[in-house]
Amino acid sequence: MDVRMLVCGMGRVGQAFVNLLIQKSKDIQKRYDLNLKVVAAVDIGGAAVSPAGLPLEDLMVHLKKGGKVENMPGFGKKGLSGKEALSSIAAELLVETTPTNIRDGEPGMTHLRTALAHGKHVVTAAKGPLVLRYRELKDLADESRVKLMISAATAAALPTLDVGLSCLAGTEVLSAEGILNGTTNYILTRMYEEGTPYQDALAEAQKMGVAEPDPSLDVEGRDTANKILLIANEVLQAGLSLKDIPVEGITRVTPEDIQKARKEGKVIKLIGKVEKKDGKVVASVAPMGLPLDHPLASVRGTEKAISYLTDTMDRVTVSGGKSNPLGAAAAVLKDIIRIYQK
Ligand SMILES: NC(=O)c1ccc[n+]([C@@H]2O[C@H](COP(=O)([O-])OP(=O)(O)OC[C@H]3O[C@@H](n4cnc5c(N)ncnc54)[C@H](OP(=O)(O)O)[C@@H]3O)[C@@H](O)[C@H]2O)c1
């Protein structure tokens, strides 16, 4: 089966996704009978377009040399926007890998609305539109009878949603607790294991490329809040908004807090939590002292994990998965395969 895709956002994740297709397309064709073609690669200045499918090796060589999609010889269309491409190019699916923007969700919001209105499946790594307009976008997908797949936006290579929706089918999920941000877990691990003060651990994480030059989204807990919100709404159908989630990051965690927790046989982790309480679903993000036998206590460094508590399967925990553009691209690829799996 041919699947024609538009990729919006040719940055780190978009390019990692195209590289994955180059590497794995034969295998995917053989194992899943899917012929994945990129009919348009869109970036901020325009697009490269080919209704028959772009030559992906040539595209990557062009980008590696510093070229832009809109200047790709024979295929470039200067100024063609994502919205225009999604409205005019025949395709089955949008891969959305533009930057996450929690203020108004753009440009992803326009891309998602346009794709869903035109009956295209959406696989998105961008969290902004989902955090702001989850219900509207889900309803739009349902009306158009297409899928909205969001694994890459919810801790990427860590299969938070697959476990919650598929492996725990038929259970009642009572709570989900997650270490959902690699940067903060790395900093807290350094503080716990080496006694490193917060500022030094952050500076080291930035030097290693684990933390962004502006780490506020991570260290203030907002990235974790975005992810637990999406998990709460997908797995527990919570209907929550970001304003419903009290958020505390790790910026005020001191070496003294870490030592105190250690003396009590605990380790401090930044936990995104959603649980059923008195008939309501409540979510929060905060640093928490976990007893050392808690399944999340041993999750170290940039590793992430999620632990579900259910009525009939008891506790189910999954950890690991790459926290990088390749891990996110692999989560996108997995979602595409799942759309077409019978
Ligand atoms: N990096 C990761 O490990 C990771 C993991 C999970 C999820 N994510 C999510 O995946 C998305 C992409 O991340 P990334 O690291 O690949 O970001 P990135 O490197 O900044 O790439 C984003 C790309 O989108 C382009 N873009 C900006 N505005 C656009 C528009 N209006 N139309 C089309 N393209 C536009 C950017 O172009 P310019 O650079 O010219 O502005 C850039 O090429 C983000 O939403 C992020 O939160 C990333």
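Along each chain, the written sequence defines residue order, and numbers are assigned to residues from 1. Per-residue local features of the predicted model are confined to residues with pLDDT of at least 70, and side-chain atom pairs are confined, for both listing and counting, to 80 or more; whole-chain, interface and lining totals are unaffected and use all residues. Side-chain metrics rest on all non-hydrogen atoms present in the structure, leaving aside hydrogens and water.

Asks: Help me understand the site of the ligand in this model?
Replies: We call a residue near a given molecule or strand whenever any one of its heavy atoms falls within 4 Å of it. Around the ligand, the surrounding shell holds 21 residues, and the nearest of these are Arg12, Val13, Asp43, Thr98 and Thr100. At 2.7 Å, a backbone N or O of Thr98 approaches an oxygen atom of the ligand. Each polar contact in these results corresponds to two N or O atoms within 3.5 Å; when the atoms are within protein, one needs to be able to donate a hydrogen and the other to accept it, and residues that are neighboring in sequence are counted only if both atoms are side-chain atoms. Here an oxygen atom of the ligand and a side-chain polar atom of Thr100 are 2.7 Å apart. Protein burial of the ligand: of its 890 Å² of free accessible surface, 73% is covered by the chains. Taken together, the elements giving at least two residues each to the shell around the ligand come down to α1 (12-32), β2 (35-43) and α12 (325-340). Under the convention used here, a 1.4 Å probe and the Shrake-Rupley method define accessible areas, while residue burial counts only the protein chains that appear. The numbering of helices and of strands both runs from the N terminus, where a helix is a DSSP run of H or I of at least 4 residues and a strand a run of E of at least 2.

Asks: What is the right way to read the packing of aromatic side chains from this model?
Replies: What describes a pair of aromatic rings is the distance from one ring centre to the other and the angle between the planes of the rings. Two rings belonging to Phe, Tyr or Trp (six-membered ring only in the last case) form a pair when the distance between their centres is within 6.5 Å. Interplanar angles under 30 degrees mark stacking, angles over 60 mark edge-to-face geometry, and anything in between is tilted. Under the definition given, this model contains zero aromatic pairs. Over the ring of Tyr192 we find Arg262, and its NZ or CZ is 4.1 Å from the ring centre. In this scheme, Lys NZ or Arg CZ marks a charge over a ring once it lies within 6 Å of the ring centre and within 35 degrees of the ring normal.

Asks: Quick question: what am I supposed to make of the pairing of β2 here?
Replies: Every other side chain in a regular strand lies on the same face of the sheet, so the side chains alternate between the two faces. The pairing criterion for strands is at least two bridges between them, as found by DSSP. Bridge count for strand β1 (residues 2-8) against β2 is seven bridges, and the pairing is parallel. Its bridge partner being in β2, Cys8 is matched across the sheet by Val42. Every crossover in which the path from the first strand over the helix to the second runs clockwise, viewed with the strands pointing away from the viewer, is termed right-handed. With respect to chirality, the unit in which β1 leads through α1 into the neighbouring parallel β2 is right-handed. Pairing geometry for β2 and strand β3 (residues 46-49), over four bridges, is antiparallel. Among the inter-strand pairings, Ala40 is bridged to a residue of β3, identified as Val49. Here β2 folds back onto β3, and the loop between the two strands holds two residues.

All quantities given are derived from atomic positions and should not be read as evidence of function.
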